[in-house]
Amino acid sequence: MDTEPASSSRSIASRVAGALSACRDAWLHASKLALDVALPTLCVSCREPVEGEGVCAACWAKLSFIEPPYCPRLGIPFVYDPGPDMLSMEAIANPPAYTRARAAVRYDDVARTLVHALKYHDRTDLAPAMGRWMARAGRELLDGADLLIPVPLHWRRAWGRRFNQSGALGRAIERQSGIRLRGDLLQRVRATEQQVGLTRAQRASNVQGAFQLSAEAKSQVQGRRLVLVDDVLTTGATLDACARALLRAKASQVDVLVFARVVDTPR
Ligand SMILES: [Zn+2]
C-alpha cells in the first residue's frame with residue numbers, strides 16, 4: 001500500500017526535474033543564440049569576422065599550399081620542374097630515415113598563426129580544416145597506409161598543454177582517410193629541450209633515444225606501413241628520431257605528413 005504515495009511523489013519529482021531540465025535547455029539555447037550574436041567567429045589570422053572555417057578568404061589566399069613540382073622524397077617544392085624522379089639537394093645530402101614527407105603549406109606567417117592557435121590557444125576547431133588540407137597533400141602516402149602515428153609529447157609537456165596538437169591533426173586525418181590513428185604506440189620517454197634555436201646537429205642529438213615502443217606496441221607496428229603526423233617540419237630531426245624508433249620495431253615503411261614545412265626557396 002505504501003508503494004503508491006512513494007511512486008506518485010517520484011512522478012512529481014520527475015515532472016519537476018523534467019520541467020527544470022526544459023528550462024535549462026531553453027536557457028542554454030537562448031544564451032547560445034546570444035553568444036552567436038555577440039561573438040561572431042573571427043579569422044584566426046587577421047581577426048576579421050568570418051563565416052565557417054577559421055580563416056577568412058584573404059588569409060586563405062595568403063596560405064602557400066605546396067603543389068607539384070616537388071622533391072618526390074621530401075616534398076620540398078622546386079622553383080622549376082626538373083623532370084620526374086629528380087631529388088632535392090636536401091634529400092641527397094641528408095637522407096632521412098623516413099621514406100617520404102609531404103606538407104600542406106609552407107610555414108609562413110598565416111601558417112604560423114594557425115599552428116600557434118591550435119597549439120597554445122586551444123583552437124581545436126581549426127584541426128578539421130588543417131587535417132583536410134593535410135589529407136589532400138598526403139594522399140599518395142595515405143593510399144595503402146595501415147596506421148597514423150602522431151608525434152608524442154612528453155607527459156610533462158602534455159600536462160601543461162592539455163592536448164597533443166599532432167593527435168588533434170591525426171584525428172582529423174583519420175576521419176578523412178579512414179586510416180586508424182594510434183597515439184598509444186610511440187612513447188616519448190625523455191623530455192627534450194625545445195628544438196627552437198638549435199643547429200641541425202644539436203637538434204638531432206637532442207632527440208636521440210627520446211622515442212621508444214613497448215614490446216606490445218612493437219608487435220602492433222611490425223610489418224605495417226605507417227604515416228607519422230606532426231604540425232611543423234623544420235629540419236625533420238624529431239620526425240627522423242620517431243621514424244628510426246618505428247623502423248627498429250620493424251615497421252615496413254614510415255612516411256611523414258605535416259601541416260607546414262619550412263622552405264628556404266622563394267614562393
Ligand atoms: Zn583573415
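Positions within a chain are numbered from 1, following the residues in the order the chain's sequence is written. Per-residue local features of the predicted model are confined to residues with pLDDT of at least 70, and side-chain atom pairs are confined, for both listing and counting, to 80 or more; whole-chain, interface and lining totals are unaffected and use all residues. Hydrogens and water are ignored here; the side-chain numbers use all heavy atoms of the structure.

**Points about the overall build of the protein chain**
The line we're drawing: Each helix is a run of H or I in the DSSP string that is no shorter than four residues. Each strand is a run of E no shorter than two, and both are numbered from the N terminus. Classification of residues uses two cut-offs on accessible area relative to the type maximum, computed with a 1.4 Å probe and protein chains only: under 20% is buried, over 50% is exposed, and between them is partly exposed. Note on contacts: a residue pair qualifies if any of its non-hydrogen atoms lie within 4.5 Å across the two residues. Each accessible area value is a Shrake-Rupley result obtained with a 1.4 Å probe; residue values ignore everything except the protein chains displayed when judging cover.
When helices and strands are tallied, the protein chain shows 11 helices and 7 strands. Counting across all 267 residues of the protein chain, residues that qualify as buried make up 43%. Summarising the internal contacts of the protein chain: among those between residues at least 6 apart in sequence, 73% fall at separations of at least 24. Per element, the accessible surface of the protein chain, about 14900 Å² overall, is 55% carbon and sulfur.

**Here we look at a nonpolar patch on the surface**
Condition: Patch membership needs two things, relative accessible area over 30% and no salt bridge, and members are linked within 9 Å if like-charged or within 5 Å if nonpolar (Val, Leu, Ile, Met, Phe, Trp, Tyr). A carboxyl oxygen of Asp or Glu within 4 Å of a side-chain nitrogen of Lys or Arg is what we treat as a salt bridge.
Taken together, Leu 87, Met 89 and Ile 92 make up a surface patch of nonpolar side chains, about 330 Å² in accessible area. By secondary structure assignment, the location of Met 89 is in helix 3 (residues 89-93).

**Brief notes about unusual backbone geometry**
The peptide bond linking Pro 68 to Pro 69 adopts the cis configuration, its omega dihedral lying at 5°. The residue Pro 69 is located in the loop between helix 2 (57-62) and helix 3 in this model. Here the phi dihedral of Asp 85 falls at roughly 65°; this positive angle occurs in a residue that is not glycine. Tracing the backbone shows Asp 85 in the loop between helix 2 and helix 3. Here the phi dihedral of Lys 250 falls at roughly 70°; this positive angle occurs in a residue that is not glycine. Inspection of the secondary structure puts Lys 250 in the loop between helix 11 (237-248) and strand 7 (253-261).

**What to know about the coordination of the zinc ion**
Rules: Here the coordinating atoms are restricted to nitrogen, oxygen and sulfur within 2.8 Å of the metal centre, or 3.2 Å for Na, K and Ca, and because water is not among them the sites may look incomplete. Square planar and octahedral sites, with four and six donors, are those where opposite donors lie more than 155 degrees apart and all other angles lie between 65 and 115, tetrahedral sites have four donors with every angle between 85 and 135 degrees, and the rest are irregular.
Coordination of the zinc ion by the protein involves Cys 43 (SG), Cys 46 (SG), Cys 56 (SG) and Cys 59 (SG), with metal-donor separations of 2.2 to 2.3 Å. Considering all 4 donor atoms around the zinc ion, the spread of angles at the metal, 106 to 116°, places the coordination shape in the tetrahedral class. Expressed as a motif, the donor residue spacing for the zinc ion is C-x2-C-x9-C-x2-C. Residue Cys 43 is located in the loop between helix 1 (3-38) and helix 2, and its partner Cys 56 is located in the loop between helix 1 and helix 2; the two are separated by 13 residues in the primary sequence. Grouping residues by exposure puts Cys 43 and Cys 56 together as buried.

**A closer look at the pairing of strand 7**
The cut-off we apply is this: Any two strands with at least two DSSP-identified bridges between them are counted as paired. Place the viewer so that the strands point away; then a crossover is right-handed whenever the path from the first strand over the helix to the second strand goes clockwise.
Of all the 9 residues making up strand 7, 8 are buried; the element is thus mostly covered by neighbouring parts of the structure. As judged from the 5 bridges shared by strand 1 (residues 101-106) and strand 7, these two strands associate in the parallel manner. Opposite Arg 106, over in strand 7, you have Arg 261 as the bridge partner. Looking at chain direction, strand 6 (residues 225-233) and strand 7 are connected through 8 bridges and run parallel. Each bridged residue has a counterpart across the sheet, and for Val 232 the counterpart in strand 7 is Ala 260. Handedness of the β-α-β unit built from strand 6, helix 11 and strand 7 comes out right-handed.

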